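An overview of the molecular structure
If you want the building blocks of each chain, they are given just below.
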Amino acid sequence: MNPPVIRVDAAGTADAHAGLGPGASILLRFDGPRLLLLACGRTTDINQHPLAASASVISRPRSILIPALVNAHAHLDLTHLGPRPFDPDPASGGGFVPWIDMIRAGRATTDTEIAASVRQGISLALKGGTAAIGDIAGAPQGRPSLVPWRTLRDSPLAGVSFLEFFALGAHESRGMTAAAAALDEASSDSPSPRMSLGLQPHATNTVSPSAYRWAIDESRRRSLRLSTHLAETPEERALVAAATGPQRHLLERLGAWNDSAAAAFGQGLSPVQHLGRVVEEWGGEGWLGEKGALFAHVNDAADADIDRLAAMMATVVYCPRASQYFGAERHFGPHRYRDMLAAGIRVVLGTDSIVNLPEADVASNGISILDEVRLLHRRDGTDPKTLLRMATIDAAEALGLDPGPFHLHIGGSNTSRQIAGVLAVEVGDLSNDSFQNPHRLVAGSVGPPEFLSNGIFSDPIVLPITSESRG
């Protein structure tokens, strides 16, 4: 018996390259664990496809079909904490360091607890339309953990699990030794075709320049992708530039601060310039771009910082709702992701942790990159096709994945290409007379995406496939 062919008729289609509407259809076929895209185009054209007549039909007349999404920066091991409020006022006991204390106190520490939190995060990511992820495998109590990577390997998601470590001052040697031991242990595991292991020196305020250079060397030697938090908070800037502020007090309290830590900071540099000097002295600027280093957040970016980021050819992962949650704009002004794009820097989207996401968003849509797209379109009027590119093919490339499965090849026929998944995004009651740009309709939508299929990296997931219309 031939594998079943599924036809989805919808109001339109949209991906990073093109859009169609009104009236678009897609033909799909499951081939073992793979999902194949047979054709995507106008319904009138799909009607002529030799397999169209025998296909099982799904009708989504109020929806635009888009490819499955890529979340380039998440913290799934924090999912059990749920959304939490943030108090920015130090006068009332708030600020970033008290928030960090809350995370440290509440995060899962046993392997069983960590795996359960990651599995919960995987479910919410799938609910949000995610097929691939760049997840930060946190280091509970300062110990790098392979549990998130091993849990993700058994999931439908593709991407990278970045092994996080801290290495500064009195804890520098211990941090690098623990990270190296974890990487050695991982090397004896069976490789996963979907979920690779990466390396995450935590941030410029918790990792010394020499530990960053070690991480770059290890990544090159072991062919790992790199990620780090960069230029996220004013507390980070105060420590890097002047060796002072709440972050220094935290390091002192944790017993990490010593003369070595003090010598690493206080030279008046921004976090981007500080890390840029480390990379420049190592001589790895071009290699960082070639291998796909990811810099998460970069809320703090002056013109000189953008020039440095362009020279390093790395990828910036912008997490809009996280920046909004922490009030980054009050400290640094609006995020400069559009200036970065104009400078030739690849910018992609992430969600950061569930802790910084609105509770209503999570309840309705899961952990969803589509909600980041919606925020930037609503707030900034950013071109929705650009946003979809940042949430699909560019993010896939940043994680070392083939971008092909993350677009729909609109207008193609007899393509028989693997695809990561198809989402139906409900956009309302449409007619030929009222149809607008399909990308704009997706960016202006409000509800959860419907994951029709996700079969490229695992057994097919169908959530749901029926012949019933949502119209």
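**Quick look at the sheet that holds strand E11 (residues 294–297)**
Strand order in the open sheet made by the 4 strands is E10-E11-E12-E13, with parallel pairing throughout. Bordering the open sheet on either side are strand E10 (227–230) and strand E13 (346–349), each of which pairs with just one other strand. Averaged over all pairs of adjacent strands, the angle between strand axes in this sheet comes to 30 degrees, irrespective of strand direction. The pairing of strand E12 (residues 315–318) with E13 spans 4 bridges and is parallel. Of the residues in E13, the one forming a bridge with Val317 is Val348.

**Structural notes on the layout of surface pockets**
Taken as a whole, the largest pocket spans an internal volume of roughly 960 Å³. Around the largest pocket, the lining is made up of 40 residues, and of these Ile100, Arg104, Phe166, His202 and Thr206 lie nearest the centre. Of all elements in the fold, only helix H2 (96–106), helix H5 (172–187), E10 and helix H8 (246–253) reach the threshold of two or more residues within the lining of the largest pocket. No other element matches H2, which puts 5 residues into the lining of the largest pocket. Taken together, the residues of the lining of the largest pocket break down into 18 nonpolar, 14 polar and 8 charged.

**Quick look at the sheet that holds strand E6 (residues 69–74)**
What the 4 strands build is an open sheet, ordered E6-E7-E8-E9; its pairing is parallel. Of all the strands in the sheet, just E6 and strand E9 (195–201) have a single pairing partner and so form its edges. Averaged over all pairs of adjacent strands, the angle between their axes in this sheet comes to 15 degrees, without regard to strand direction. The sheet contact formed by strand E8 (residues 158–165) and E9 spans 7 bridges and is parallel. For Glu164, the partnering residue across the bridge sits in E9 and is Gln200.

Each value, and the rule that gives it
Residues numbered from 1 in each chain as written. Predicted model: local features only at pLDDT ≥ 70, side-chain atom pairs only at ≥ 80, totals over all residues. Heavy atoms only, no water. Pairing = 2+ DSSP bridges. Helix = DSSP H or I, 4+ residues; strand = E, 2+ residues; numbered from the N terminus. Axes fitted to C-alpha atoms, helices over the stretch in contact; angles between N-to-C directions. 1 Å grid on protein atoms, 1.4 Å probe; cavity = no way out; pocket = protein on both sides within 12 Å on 5 of 7 lines; lining within 4 Å. Points joined across faces, edges and corners; volume = space filled by probe spheres on them. Nonpolar A, V, L, I, M, F, W, Y, C, P; charged D, E, K, R; others polar.

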